[in-house]
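Inside the fold
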Amino acid sequence: MTDRIVAYTADAIRSAEAPLLAAGRPLMRDAARALADVVVEELARTPGSVLVLAGSGDNGGDALFAAADFARQADRVDIVLTRDRVHREALDAAVAAGARLRDASEICLADADHALVVDGILGIGASPDARLRGTGRAVVEALLPAVVAGRVRVVAADVPSGLHPDTGEADAAVLPAHVTVTFGAVKAGLLRGRGPELSGSVVLVDLGLEPQLRLVQPAITAAVPIVRHTPAGRA
């Protein structure tokens, strides 16, 4: 549907999450279930194997827990870790469900044979510079030709990695998403700068942040089409 959507800065969203996390709310698992739901819908349209790109932060955890949920619906699930550090519980869950670890060099040197990429490299981290570096950048640059040519679809977790969540700034090393599954609230960068170009369809996952976000000024309001998703178990 198209309506007036309010979007917030990364700082505002982190502040809204803080009391829920302190109360023990499983926000990561709720986000992962919603992400998995969207991946399963994509696989129903385009069956095949899935490549999960997982960074070291919460976004990587979201993607890996989601992989554990959708592993049985995919022909194969491969995981590339873009940093040495990883959300260990989420990785263990994905591997236990049948996903397998792949070295980044294998992906960079081989022709893409995945139907779908789940981009969980970077989210709304505190760094003012959202550009990809190191392994994450190398893998994205290797996959870009297949994505741009339409041979591989991309589902981004929260924001396309490399897109600044507040300003929408991005350099060339960003996988343009077909669907962005954004958690809790729409990030301002999805509606600004290169955000609309790189985000594709936006699915907003309800994590219960609205009472906290009503207390802060939105960064931007725009009339854009948004699909709203409530994870199983939430009213």
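Presented here is an overview of the structure given in this document.

Here helix H3 (residues 58–70) contains 13 residues, and its C-alpha end-to-end distance of 18 Å stays within 8% of the 18 Å for a straight helix at 1.5 Å per residue. Counting buried positions along H3 gives eleven out of 13 residues, so the element sits mostly inside the fold. Where H3 is concerned, the buried positions are Asn-59, Gly-60, Gly-61, Asp-62, Ala-63, Leu-64, Phe-65, Ala-66, Ala-67, Ala-68 and Phe-70.

Core analysis: the biggest nonpolar cluster contains 48 residues, and Val-50, Val-52, Phe-70 and Val-77 have the highest contact counts within it. Among the elements that take part in this core, helix H2 (residues 27–45) stands out by supplying ten residues, more than any other. Apart from residues lying up to four places away in sequence, Phe-70 is in contact with Ala-36, Val-39, Val-40, Val-50, Val-52, Val-77 and Val-118.

Now for the layout of surface pockets. The computed volume of the largest pocket comes to approximately 900 Å³. Around the largest pocket, the lining is made up of 40 residues, and of these Gly-57, Leu-122, Gly-123, Ile-124 and Gly-125 lie nearest the centre. Broken down by secondary-structure element, the contributors of at least two residues to the lining of the largest pocket are helix H1 (10–22), H2, H3 and helix H6 (134–148). Here the lining of the largest pocket gets four residues from one element, more than from any other, and that element is H3. For the lining of the largest pocket, the per-class residue count stands at 16 nonpolar, 13 polar and eleven charged. Taken as a whole, the second largest pocket spans an internal volume of roughly 250 Å³. Around the second largest pocket, the lining is made up of 16 residues, and of these Val-6, Gly-184, Leu-204, Glu-210 and Arg-228 lie nearest the centre. Counting only elements with at least two residues in the lining of the second largest pocket, the list comes to strand E1 (2–8), strand E9 (201–205), helix H8 (210–213) and strand E10 (220–229). Top contributing element to the lining of the second largest pocket by residue count: E1, with four residues. Across the lining of the second largest pocket, the residue classes tally to eight nonpolar, three polar and five charged.

Time to look at the packing of aromatic side chains. Taken as a whole, this structure holds zero aromatic pairs when the rule is applied. We note Arg-29 situated over the ring of Phe-65; from NZ or CZ to the ring centre the distance is 4.0 Å.

Right, let's get into the pairing of E9. Taken across its five residues, E9 has four buried, putting it largely inside the fold. Inspection of the sheet shows strand E7 (residues 179–183) paired to E9 by five bridges, in the parallel sense. Looking at E9, one finds that Thr-180 is bridged to Val-202. As paired elements, E9 and E10 share four bridges and run parallel to each other. The residue bridging Val-205 from the neighbouring strand is His-229, located in E10.

Here Asp-62 lies in helix H3. There is no salt bridge for the buried Asp-62, and the closest opposite charge comes from Arg-29, which lies 8.3 Å off by N-O distance. When sequence neighbours within four positions are dropped, the list of residues in contact with Asp-62 reads Met-28, Ala-31, Ala-32, Leu-35 and Phe-183.

Further remarks concern the pattern of salt bridges. Inspection of every chain in the model, using the stated rule, returns 17 salt bridges. The partner of Arg-45 in a salt bridge is Glu-42, with the nearest N and O atoms 2.6 Å apart. Residue Arg-45 and its partner Glu-42 are both found in helix H2; the two are separated by three residues, about one turn of the helix. Residue classification places Arg-45 among the exposed positions, given a relative accessible area of 58%. The class for Glu-42 is buried, based on a relative accessible area of 4%.

For the pair H2 and H3, interaxial distance at closest approach is 8 Å and the crossing angle is 55 degrees. By the angle between their directions, the pair H2 and H3 is classed as oblique. You can see that H2 and H3 cross each other, and the crossing is right-handed. Here H2 contributes Met-28, Arg-29, Ala-31, Ala-32, Arg-33, Leu-35, Ala-36, Val-39 and Val-40 to the contact with H3, which in turn contributes Asp-58, Gly-61, Asp-62, Ala-63, Phe-65, Ala-66, Asp-69 and Phe-70.

What counts and what doesn't
- Residues numbered from 1 in each chain as written.
- Predicted model: local features only at pLDDT ≥ 70, side-chain atom pairs only at ≥ 80, totals over all residues.
- Heavy atoms only, no water.
- Helix = DSSP H or I, 4+ residues; strand = E, 2+ residues; numbered from the N terminus.
- Expected span 1.5 Å × (residues − 1).
- Buried < 20%, exposed > 50% of the residue type's maximum accessible area, 1.4 Å probe, protein only.
- Core = buried A, V, L, I, M, F, W, Y, C linked by side-chain atoms within 4.5 Å.
- Contact = heavy atoms within 4.5 Å.
- 1 Å grid on protein atoms, 1.4 Å probe; cavity = no way out; pocket = protein on both sides within 12 Å on 5 of 7 lines; lining within 4 Å.
- Points joined across faces, edges and corners; volume = space filled by probe spheres on them.
- Nonpolar A, V, L, I, M, F, W, Y, C, P; charged D, E, K, R; others polar.
- Phe/Tyr/Trp six-rings, centres within 6.5 Å; stacked < 30°, edge-to-face > 60°.
- Lys NZ or Arg CZ within 6 Å of the ring centre and 35° of its normal.
- Pairing = 2+ DSSP bridges.
- Lys, Arg positive; Asp, Glu negative; His and termini not counted.
- Salt bridge = Lys/Arg side-chain N within 4 Å of Asp/Glu carboxyl O.
- Axes fitted to C-alpha atoms, helices over the stretch in contact; angles between N-to-C directions.
- Parallel < 35°, antiparallel > 145°, perpendicular 65-115°, else oblique.
- Left-handed = near helix turned anticlockwise from the far one by under 90°.

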